[in-house]
Structure formats: structure tokens, C-alpha cells
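Analysis of the macromolecular model
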Amino acid sequence: MDRAAVLAEFDNQMRRNPAAEPGSLVEHEPRVTRIISRGDGWSGVLWSDLTEAGADAVIGAQVTRFAELGRPWEWKYYSYDQPAGLPGRLRAAGFAPEPAETLLVARIADLDVDVSAPSGVELVPVTGASGVVAVVGVHDEVFGGEHAAIGSAIMAALASRPRPVEAVVAVAGDTAVSAGRVEFPAGSDFASLWGGGTLPGWRGRGVFRSLVAYRARLARERGYRYLQVDASADSSPILQRLGFAELARTTPFTYPGY
């Protein structure tokens, strides 16, 4: 895989020119692309290409624009974004960095998608409210915090054809032990993996790997060429062993918004 070429395509398709999802508005400026969403949807600056001379003015203009929302929002920073001192400028403007993640991408054709769940575990597609509850419960337990907004997004997607999001739960007996989802952006070559958290007692048994393969199959069936993940420090080594390549680092910078 030509990493530089794939990164350029990712930047163009997924950051600079994303498709608007239901309930969201994509706004383009010469040096910024931002997304404004209603309700619990994600809002923030998705792409930027700033200059040393103009960076602070552009940052200030975004703060003014998002002030209308009256809620927190995010500046999605990638390690190749310009200028080089952008993280410091964001901090000075009142943004707080969250833990950095690794942008990983794999060509679906290069992945082993014929991986079954380990013995005693079944992968169950989410088709209704009970599955959504299971996904939220796993995420709450594994990642901490409260993930009702993710559940609402999955539930809303169930009514669409084709679904923009598919979720799956790994179940052992009556217990949901892992869960994840795959998003299918319109007009893009890149499908995105999210979640994939596994309960501590079930780690190291191949559950995570089977969830990746399951979602890769779904993306292949939809005609996507690549899978993209913003990987945590825990999942990044596993995904790289499965064939994903590191293209950049990414850090969410959050602004309080009120």
C-alpha cells in the first residue's frame, strides 16, 4: 500500500470533502471544513490547512461560529496539519487535548476476513433495541462514561436502507462480551471501524480479531476499498498485526462551548 497516496485520498474524502449525514451540515471555507450537527451528533472542525500568519484568526472565527451551538465541540487535529505549532495555538485559544490516537488504514483486499469467533462466542448483528442496549452496555463498561448517544445513532440507522452504520455484538451465553460498529460514509472508499471494546475477562481470546473480520466483510460487500480506524494505544498493536498501517496520529481538541 502506498501510504502517502492513501493518506492523500483519506484527507480529501474523509476530512476535506465528507458527505453530509442526516441531521448534519458540512460547511466549507478555503482553509477549514467543519460539521454542524443537531442534537447529540458530532460537531467540529474536521479539516484545516492554516498558515502561521493567519492561524489564530481562523481559530477565533471557528470559536465564534460554534458559539451558536451552546455545547462542546471538537477540533480534529492530525499530526501532519499545518502550521507545525497548531496544537499550542489551540491550547492558547481554550481547547483541551484528549488522548491521542493512531490513524490506521488497511486495504480490505489485504485482510484476512475469514476469521470466526472463538469457541463459545457468537457474533450477533444488531437489528433492534435489545442489540443497541447491549452495545451501549459494553461500551459503558469497557470505555467508561456514558454512550447513549452512540446507541441513539445506531437506532436511527436501523431505519435506513442501506444502513449508514452496522453494529455487532459478541455474545457468550447470555453475556455481551464485546461490541463494535462500522460506518459507511457515502461517496467514499473508506469505511470506518468504531468501538470494538472487549470485557477484560474475554481479552486475548480472538474476540476482537473476529469483530474486525466481521466488519471488514460487511465493508467489502458494500464495495469499500479501505478500512480506517482511530486506534487507541491498546488496539493499535493488534490492528497493525492484522495488516493495518499507521498513517498519522490524531488528537481531539475539545472546546467547552458554553
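Position labels on residues start from 1 in each chain and follow its written sequence. For a predicted model such as this one, the threshold for reporting local features is a pLDDT of at least 70, and the threshold for listing and counting side-chain atom pairs is 80 or more; totals across whole chains, interfaces and linings nevertheless cover every residue. For side-chain calculations, the full set of non-hydrogen atoms in the structure is used, while hydrogens and water are omitted.

With that out of the way, let us pick up the side chain of Asp11. Each helix corresponds to a stretch of at least 4 residues labelled H or I by DSSP, and each strand to a stretch of at least 2 residues labelled E; elements are numbered beginning at the N terminus. With respect to the helices and strands, the residue Asp11 is situated in helix 1 (residues 3-16). The contact rule is simple, with two residues in contact once any of their heavy atoms fall within 4.5 Å. Every residue in contact with Asp11, bar those within four places of it in the chain, is listed here: Arg16, Trp47 and Tyr80.

Turning our eyes to something else, we now look at the pairing of strand 1 (residues 24-29). When a strand is regular, its side chains alternate between the sheet's two faces. Relative to strand 2 (residues 32-37), strand 1 runs antiparallel, the two being bridged by six bridges. When the sheet's bridge partners are listed, Leu25 is paired in strand 2 with Ile36. Think of it this way: DSSP has to see at least two bridges between two strands before they count as a pair. Between strand 1 and strand 2, which pair antiparallel and follow one another directly, the connecting turn spans two residues.

On to the nonpolar core. Each nonpolar core is a collection of buried residues, namely Ala, Val, Leu, Ile, Met, Phe, Trp, Tyr and Cys, held together in the definition by side-chain atoms within 4.5 Å. Exposure classes here rest on a 1.4 Å probe applied to the protein chains alone. A residue is buried below 20% of its type maximum, exposed above 50%, and partly exposed in between. Leu227, Leu239 and Phe244 are the most contacted members of the largest nonpolar core, which has 30 residues in total. Looking at this core, the elements that each hand over two or more residues are strand 6 (101-107), strand 8 (165-172), strand 9 (175-183), strand 10 (190-198), helix 6 (207-221) and strand 11 (226-231). Ranked by residues supplied to this core, first place goes to helix 6 with eight residues. Not counting residues within four places of it along the chain, the set of residues in contact with Phe244 comprises Leu104, Val105, Ala106, Leu111, Leu193, Val212, Leu227, Val229 and Leu239. Formed by 16 residues, the second largest nonpolar core is a distinct cluster that contains Ile36, Leu50, Leu86 and Tyr255.

So, about the pattern of salt bridges. Take a side-chain nitrogen of Lys or Arg and a carboxyl oxygen of Asp or Glu: if they are within 4 Å of each other, that pair is a salt bridge. Within the structure shown, the criterion is met by 15 salt bridges. In this structure, the salt-bridge partner of Lys76 is Asp230, at a minimum N-O distance of 3.0 Å. Remark: Asp230 occurs in strand 11 and Lys76 occurs in strand 4 (residues 73-78); sequence separation between them is 154 residues. Taking relative accessible area as the criterion, Asp230 reaches 11% and is therefore assigned buried. Linking Asp112 and Arg209 is a salt bridge whose minimum nitrogen-to-oxygen distance equals 3.7 Å.

One less than the number of residues in a helix, times 1.5 Å, gives the span that helix is expected to have. Under the 1.5 Å per step criterion, the end-to-end length of helix 6 is 21 Å for 15 residues, consistent within 8% with the ideal 21 Å. The element helix 6 is largely enclosed, with a buried count of 11 among its 15 residues. Within the span of helix 6, buried status applies to Val207, Phe208, Ser210, Leu211, Val212, Ala213, Tyr214, Arg215, Ala216, Leu218 and Ala219. On its buried face, helix 6 is in contact with strand 7 (122-125), strand 8, strand 9, strand 10, strand 11 and helix 7 (235-242). At the exit of helix 6 stands Gly223, carrying a positive phi of roughly 90°.

Two aromatic rings from Phe, Tyr or Trp, using only the six-membered ring of Trp, form a pair when their centres are within 6.5 Å; if the ring planes differ by under 30 degrees the pair is stacked, by over 60 it is edge-to-face, and anything between is tilted. As enumerated under the stated definition, the model contains 11 aromatic pairs in all. Taking the centre distance of 5.7 Å and the plane angle of 80° together, the rings of Phe10 and Phe190 count as edge-to-face. A residue pair is termed long-range when its members are at least 10 positions apart, and Phe10 in helix 1 and Phe190 in strand 10 qualify at 180 residues. For the pair Phe10 and Phe190, one class covers both residues: buried. Counting every residue linked through ring pairs, the aromatic cluster contains Phe10, Tyr78, Tyr80, Phe190 and Tyr226. Above the plane of the ring of Trp202 lies Arg205, whose end atom (NZ or CZ) is 4.2 Å from the centre. Across from the ring centre of Phe184, 3.9 Å away, lies the NZ or CZ of Arg222, which sits over that ring. As a reminder, the over-ring test applies to NZ of lysine and CZ of arginine, requiring each to be within 6 Å of the ring centre and within 35 degrees of the ring normal.

In a regular helix each residue adds 1.5 Å, so 15 residues correspond to 21 Å; helix 4 (residues 129-143) covers 21 Å between its end C-alpha atoms and thus fits that length. Here helix 4 has its buried residues at Gly131, Val132, Val135, Val136, Val138 and His139. One face of helix 4 carries all of its buried residues, which in axial projection span an arc of 160°. In helix 4, the exposed positions angled more than 90 degrees off the buried face are occupied by Ser130, Val133 and Glu141. For helix 4, the secondary structure elements touched by its buried residues are helix 5 (148-157), strand 8, strand 9 and strand 10. Looking at the residues trailing helix 4, positive phi occurs at Gly144, about 75°. What the arc describes is the spread of directions from the helix axis to the C-beta atoms.

Now for the pairing of strand 8. Across the eight residues of strand 8, seven count as buried, placing the element largely inside the fold. When strand 7 meets strand 8, the two strands line up antiparallel, connected through four bridges. By the bridge assignment for strand 8, Pro125 is matched with Val168. Judged from the eight bridges that link them, strand 8 and strand 9 form a sheet pairing that is antiparallel. Bridge pairing in strand 9 places Ala167 opposite Arg181. Linking strand 8 to strand 9, which pair antiparallel, is a turn of two residues; within it Gly173 sits at a positive phi near 65°.

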